[in-house]
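Fold and geometry: a report
Listed below, chain by chain, are the residues.
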Amino acid sequence: MDRRKFLGTVGLAAAAGASFPTLVSCDTNEDIKESYQADLLVVGGGPAGACAAVAAAREGAKVLLVDNGNCLGGMGTKGLVGPFMTCYDAAGENMIIRGLFEEIVDRLIAEGGAIHPSKIRQGTEFTAWINEGHDHCTPFDAEILKKVYDRICAEAGVKVLFHANFVRPIMKGRKIQGAVLLTPSGLEAARAKMVIDATGDGTVAFRAGAPCVFGDPESGRVQPASLFFRINNVDTDRLIADVVPHLPEFRRVNGVSYRCLHWRVAEAEAAGEWDLARKSVNIWRSVEKDQWVINCTRIHGVDSTDCENLTAAEIEGRRQVEELMNFFHKYVPGCEKATLMGTGSTMGIRESRHVHGDFVLPVQDLIDGVIPDDNILLSANSIDVHGAMGGPAGGLYMPIKKNMYGVPYRSLVPRDVEGLLLAGRCISAASPAAGAIRVMPPAMAIGQAAGIAAALCLSSGASPATLDYADLKPLLLKQKVYLG
Ligand SMILES: Cc1cc2nc3c(=O)[nH]c(=O)nc-3n(C[C@H](O)[C@H](O)[C@H](O)COP(=O)(O)OP(=O)(O)OC[C@H]3O[C@@H](n4cnc5c(N)ncnc54)[C@H](O)[C@@H]3O)c2cc1C
């Protein structure tokens, strides 16, 4: 027990017969407790960070995984984002993202919390009837996913801390040696031999001095943010009956999608009851028949690294959800009695900082289907850059030319900081390339590779920059990563 924390604790409560003490605050900015020692500190418990932690622990590392929320899963749980985007090749024939992703999907299915991607085809209600690049998505239940992450981490021996905010790195020259965290206990130091930045925003790498760019420097834009929400009590058969006759009218004009419910949006717009940036509604059927996931709010120019800006976006997101619920109740057959199950407990951030390494993954490599020599995963998720063309709804959607592409290990290694690896959305990739590999299945595979690489650095004495891919590949394969 922290002595100073309880200085001033007096016996009044006990004297009154109650068992709780009276506390006084004593934490100050200078008061940093030496609380944790680990081989590997993973900051951020989203799909990338959780998989990194499990993968490293399975290779024998003592891992501390910290997240500022109350669960693992990041956008997939706190953000209510779903389904998992495709894990298949572009032809829709083979599942090419396997490893921990597949294990998590199988566990979800065993608990009734997902539908296997082999059963989900694009152009159906499970893909918001989108019929390009969305074959074999995986609908899942966010609450069951939280439990699966808890268990898989516990079984691997990962120590998890929730409500633990990364404040700043602990540096010795250019070498990162841990982090200062703000937890409910105050400021606490977590020392580690290696660190993985899985914050999405690249906050650890940025604060440690790695070069970063914000959004797409060429366009000066960042992908718009969206607050996800889930509804239930939907008469799914009536909703489907309203959509299916309109499928031949689905189209994209100047980057603007006129897809699901665009005819209902037009009605609401004509009545002056629609002021959202989209012209259609991405509404995805979930595991339970009456539950749907809505990806339709859109807020441009959100800087998730700016507290005031992010706060304003959260408030605007909830305003848009209210407008959408009114729209569902008034205009959408089958949704008259829909209930708002909840909004994401965080705004959905598609893009913010991209941390740079010596190698920055170019989008052309993905389009051309390059499989690099130091490949860590295969993916076929298409390049989907929301808001790329500016204006209210214009997006850039680029199908890939080959059946799949790879992601090089080099893109996990930041410049100018030693002892640090990147995982997930913030890896060293050009903005449009990140638009393809930021989705959850590749993020999980990137995390798994980062965790294995970190464990290998720890056991071999190599640094992330000098790690030999010939040593990494067998461990990736041992952990059932599919490399073709
Ligand atoms: C609107 C939207 C729609 C999307 N749609 C889909 C989809 O349909 N399918 C799909 O597969 N993917 C989708 N994605 C992409 C996907 O959800 C994310 O890109 C993916 O979750 C990235 O994983 P990550 O682990 O890098 O980051 P995140 O999932 O963002 O996880 C990062 C974690 O780090 C924590 N963290 C951040 N900073 C700190 C700090 N300072 N201290 C402690 N913890 C911190 C965060 O709280 C979070 O838990 C969507 C994303 C958005 C925003």
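Residues numbered from 1 in each chain as written. Predicted model: local features only at pLDDT ≥ 70, side-chain atom pairs only at ≥ 80, totals over all residues.

Quick word on the overall build of the chain
Scanning the chain for helices and strands turns up twelve helices and 19 strands. Expected size for 484 residues packed as a compact globule is a radius of gyration near 23 Å; at 23 Å, the chain falls within 12% of this value. Overall, the chain is about 70 × 65 × 45 Å in size when its C-alpha atoms are taken along their principal axes. Considering the chain as a whole, with its 484 residues, one finds that 51% of them fall into the buried category. In the chain, 72% of the contacts between residues at least 6 apart in sequence involve partners at least 24 apart. (Helix = DSSP H or I, 4+ residues; strand = E, 2+ residues; numbered from the N terminus. Rg over C-alpha atoms; globule rule 2.2 N^0.38 Å. Buried ≥ 20, exposed ≤ 12 C-beta atoms within 10 Å, placed from the backbone. Contact = placed C-beta atoms within 7 Å.)

Some thoughts on the sheet that holds strand E12 (residues 292-295)
Overall, antiparallel pairing links the four strands, which are arranged E11-E12-E8-E13 in an open sheet. Looking at which strands have only one partner, the edges of the open sheet turn out to be strand E11 (282-285) and strand E13 (339-343). Across this sheet, the average inter-strand angle for adjacent strands is 25°, counted without regard to direction. Both E11 and E12 contribute to a ladder of four bridges, which runs antiparallel. Residue pairing in the sheet places Asn-282 in a bridge with Asn-295 of E12. (Pairing = 2+ DSSP bridges. Axes fitted to C-alpha atoms, helices over the stretch in contact; angles between N-to-C directions.)

Examining the pairing of E12
Neither face of E12 is left uncovered, since the one carrying Trp-292 and Ile-294 and the one carrying Val-293 and Asn-295 both have all their residues buried. Pairing of strand E8 (residues 229-232) with E12, which is carried by three bridges, proceeds in the antiparallel orientation. Counterpart to Arg-230 in the pairing with E12 is Val-293. The turn joining E11 and E12, which pair antiparallel and follow one another in sequence, is formed by six residues.

Thoughts on the domain arrangement of the chain
For the chain, the domain assignment lists domain 1 (74-81 + 84-160 + 198-220 + 351-478) and domain 2 (229-343). Each of domain 1 and domain 2 was reduced to a C-alpha centroid, and the two centroids are 26 Å apart. Domain 1 puts 23 residues into the contact, and the matching count from domain 2 is 25 residues. (Domains from an automatic or database assignment.)

Quick look at the site of the ligand
Taken together, 38 residues form the shell around the ligand, and within it Gly-44, Gly-46, Gly-74, Gly-348 and Gly-424 come nearest. By residue number, the principal contributor to the shell around the ligand is helix H2 (residues 47-58), which donates three residues. For the shell around the ligand, the residue count by class is 15 nonpolar, 17 polar and six charged. (Near = placed C-beta within 6 Å. Nonpolar A, V, L, I, M, F, W, Y, C, P; charged D, E, K, R; others polar.)

Considering the environment of Val-54
Within the fold, Val-54 resides in helix H2. Between the alpha carbons of Val-54 and Arg-415 there is a distance of 25 Å; along the sequence they are 361 residues apart. Aside from chain neighbours lying at most four places away, what touches Val-54 is Leu-100, Ile-152, Cys-153, Ala-156, Val-158 and Gly-451.

Observations regarding the environment of Ile-196
Relative to the elements of secondary structure, Ile-196 occurs in strand E6 (residues 186-197). C-alpha of Ile-196 to C-alpha of Cys-335: the two residues are 139 residues apart in sequence and 43 Å apart in space. Residues within four places of Ile-196 in sequence aside, it is in contact with Leu-40, Val-42, Gly-49, Ala-52, Leu-421, Ala-423, Ala-450, Gly-451 and Ala-454.

Looking at the pairing of strand E4 (residues 165-172)
In this structure, E4 lies alongside strand E5 (residues 175-183), joined through six bridges in antiparallel fashion. What sits directly across from Phe-166, in E5, is Leu-181. Here E4 hands over to E5 after two residues, with Gly-173 in that stretch at a positive phi of 60°.

Quick look at unusual backbone geometry
The amide bond that connects Gly-82 to the next residue, Pro-83, takes the cis arrangement and shows omega of 0°. Relative to the assigned elements, Pro-83 resides in the loop between strand E2 (63-66) and helix H3 (99-110). The phi torsion at Leu-80 lies on the positive side, around 55°, for a residue other than glycine. Not every positive phi belongs to a glycine, and Ala-128 is a case in point at roughly 55°. Inspection of the secondary structure assignment puts Ala-128 in the loop between H3 and helix H4 (142-156). Looking at Ala-128, the number of C-beta atoms within 10 Å reads 27, which means it is buried.

Side note on the nonpolar core
Ile-446 and Ala-449 are the most contacted members of the largest nonpolar core, which has 149 residues in total. Here the element with the most residues in this core is helix H11 (residues 440-460); it accounts for 13 residues. Per-domain counts for this core show at least three residues from each of domain 1 (74-81 + 84-160 + 198-220 + 351-478) and domain 2 (229-343). Those residues in contact with Ala-449 that sit more than four places away from it in its chain are Ile-376, Leu-377, Tyr-409, Leu-412, Leu-476 and Val-481. (Core = buried A, V, L, I, M, F, W, Y, C linked by C-beta atoms within 7 Å.)

Concerning the packing of H11 against helix H12 (residues 469-478)
In contact at an axis separation of 10 Å, H11 and H12 are set at 125° when each is read in the N-to-C sense. Accordingly, the angle class assigned to the pair H11 and H12 is oblique. Of the two elements, H11 crosses H12, and the hand of that crossing is right-handed. Of the residues in H12, those touching H11 at Ala-449, Ile-452, Ala-453, Leu-456 and Ser-460 are Asp-471, Leu-472, Leu-475 and Leu-476. Partitioning the contact of H11 with H12 into residue classes produces seven nonpolar, one polar and one charged. (Parallel < 35°, antiparallel > 145°, perpendicular 65-115°, else oblique. Left-handed = near helix turned anticlockwise from the far one by under 90°.)

Concerning the confidence of the model for the chain
For the chain, per-residue confidence averages 93 on the pLDDT scale, and 92% of positions sit at 70 or higher. Considering only residues more than four positions removed or in separate chains, one finds that residues 1-18, a stretch of pLDDT under 50, has 17 contacts. (pLDDT = per-residue confidence, 0-100.)

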